[in-house]
Amino acid sequence: DTAVSQTPKYLVTQMGNDKSIKCEQNLGHDTMYWYKQDSKKFLKIMFSYNNKELIINETVPNRFSPKSPDKAHLNLHINSLELGDSAVYFCASSRTGQGRYNEQFFGPGTRLTVL
Amino acid sequence: AQSVAQPEDQVNVAEGNPLTVKCTYSVSGNPYLFWYVQYPNRGLQFLLKYITGDNLVKGSYGFEAEFNKSQTSFHLKKPSALVSDSALYFCAVRPNYGGSQGNLIFGKGTKLSVKP
């Protein structure tokens, strides 16, 4: 009964490759997020998305793109991987909307290593 | 620029002693404030939040936090620390733009180490 799940847990790949990380939530939430946690544990929002709006952090390279086949999924596609993309990527979800300020639920993370 | 500061990289506490993990913020308006905990090789877990009302908020695992508007602080506290509390703690702020999406700004994290 995992709330927010991500696959794969570990991803090791070569520079220049294209890869995807999948995220699914079974909480019925309407908004999903992707975060990047670097080697110093600093956590930074990359995207937030619901069925109405995609908000992109302006510092995120356009090699990164979120894709949402439905409300329960938000996958992260990364093209032309670079060494600096190595990090732990977290998916999260929450219930939002006017007057709702609910906490986000996080997935277990995907550790991406680019060689 | 909007930001969250956790001034301590690490806090060391003896088991049974009270603990405090500090957080201050710089955002416009009345923000919504959160604390999350991250255990090794795990995702973040929600501890507590302040939206409005009583400045003292109680959360999971015996933690509480006090919102101080004049000092723009939201320090995390626990009266008696446990070894199992050892983890990385993140303070987060959601600026209150009035929009519907809840993007959070995280502090850099504070490592809490509780020794027996």
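The coordinates are above.
A short tour of the structure in this document, coming up. (Residues numbered from 1 in each chain as written. Chains lettered and ligands numbered in written order. Predicted model: local features only at pLDDT ≥ 70, side-chain atom pairs only at ≥ 80, totals over all residues. Heavy atoms only, no water.)

1. Regarding the environment of K108(B)
Within the element layout of this structure, K108(B) appears in the loop between strand 11 (105-106) and strand 12 (110-115). Assessed through its relative accessible area of 33%, K108(B) is described here as partly exposed. As a C-alpha pair, K108(B) and P31(B) span 77 residues in sequence and 18 Å in three-dimensional space. The residues contacting K108(B), other than those within four sequence positions of it, are K41(A), F42(A), Q6(B), E8(B), D9(B) and F90(B). At 3.1 Å, the side chain of K108(B) forms a polar contact with the backbone oxygen of Q6(B). At 2.3 Å, the side chain of K108(B) forms a polar contact with the side chain of D9(B). (Helix = DSSP H or I, 4+ residues; strand = E, 2+ residues; numbered from the N terminus. Buried < 20%, exposed > 50% of the residue type's maximum accessible area, 1.4 Å probe, protein only. Contact = heavy atoms within 4.5 Å. Polar contact = N/O pair within 3.5 Å; in protein donor to acceptor, adjacent residues only side chain to side chain.)

2. Remarks on the interface of chain A and chain B
With 26 residues of chain A at the interface, the matching set in chain B holds 22 residues. Across the interface of chain A and chain B, roughly 2,000 Å² is buried in total on both sides, 51% from carbon and sulfur atoms. The interface formed by chain A and chain B contains one salt bridge. Of the charged contacts in the structure, one is a salt bridge between K49(B) and E103(A), with a shortest N-O distance of 3.1 Å. Taken together, chain A and chain B are joined by three residue pairs in polar contact (both at pLDDT 80 or more). Elements supplying a minimum of two residues to the side of chain A that touches chain B: strand 4 (31-37) and strand 5 (43-50) of chain A. Here the element with the most residues in the side of chain A that touches chain B is strand 5 of chain A; it accounts for five residues. A per-class count over the side of chain A that touches chain B returns 11 nonpolar, 10 polar and five charged. (Buried area = accessible area lost by both parts, 1.4 Å probe. Salt bridge = Lys/Arg side-chain N within 4 Å of Asp/Glu carboxyl O. Nonpolar A, V, L, I, M, F, W, Y, C, P; charged D, E, K, R; others polar.)

3. As for the packing of aromatic side chains
In total, this model carries 13 aromatic pairs over all chains according to the counting rule given. A connected cluster of aromatic rings, assembled from ring pairs, spans Y33(A), Y35(A), F106(A), F34(B), Y36(B), F46(B), F90(B) and F106(B). (Phe/Tyr/Trp six-rings, centres within 6.5 Å; stacked < 30°, edge-to-face > 60°.)

4. Digging into the sheet that holds strand 3 (residues 19-25) of chain A
Residue and element names in this part refer to chain A. Spatial ordering of the open sheet is given by 1-3-8-7, a layout of four strands whose pairing is antiparallel. The two strands at the open ends of the sheet, each matched to only one other strand, are strand 1 (4-7) and strand 7 (64-70). Across the sheet, the axes of successive neighbouring strands diverge by a mean angle of 20°, strand direction being ignored. In this structure, strand 3 lies alongside strand 8 (residues 73-78), joined through four bridges in antiparallel fashion. Looking at strand 8, one finds that I21 is bridged to L76. (Pairing = 2+ DSSP bridges. Axes fitted to C-alpha atoms, helices over the stretch in contact; angles between N-to-C directions.)

5. Overview of unusual backbone geometry
Residues and elements named next belong to chain A. In this structure, P8 follows T7 across a cis peptide bond, with omega equal to -5°. With respect to the secondary-structure elements, P8 resides in the loop between strand 1 and strand 2 (10-13). In the Ramachandran plot, K41 falls in the positive-phi region, its phi being about 75° despite a non-glycine side chain. With respect to the secondary-structure elements, K41 resides in the loop between strand 4 and strand 5.

6. Looking at the state of the cysteines
Under the criterion given, the structure shown has two disulfides over all chains. With its sulfur 1.8 Å from that of its partner, C23(A) forms a disulfide with C91(A). The S-S bond linking C23(A) to C91(A) shows a torsion near -75°; that makes this disulfide left-handed. Taken as a pair, C23(A) in strand 3 and C91(A) in strand 9 (residues 87-94) lie far apart in primary sequence, 68 residues in all. Exposure class is identical for C23(A) and C91(A). Each is buried. One disulfide in the model links C23(B) with C91(B); its S-S distance is 2.0 Å. Note on the C23(B) and C91(B) pair: the S-S dihedral is about -65°, so by sign convention the disulfide is left-handed. Here C91(B) lies in strand 10 (residues 87-94) and C23(B) lies in the loop between strand 3 (19-21) and strand 4 (24-26), a separation of 68 residues in the sequence. (Disulfide = S-S within 2.5 Å.)

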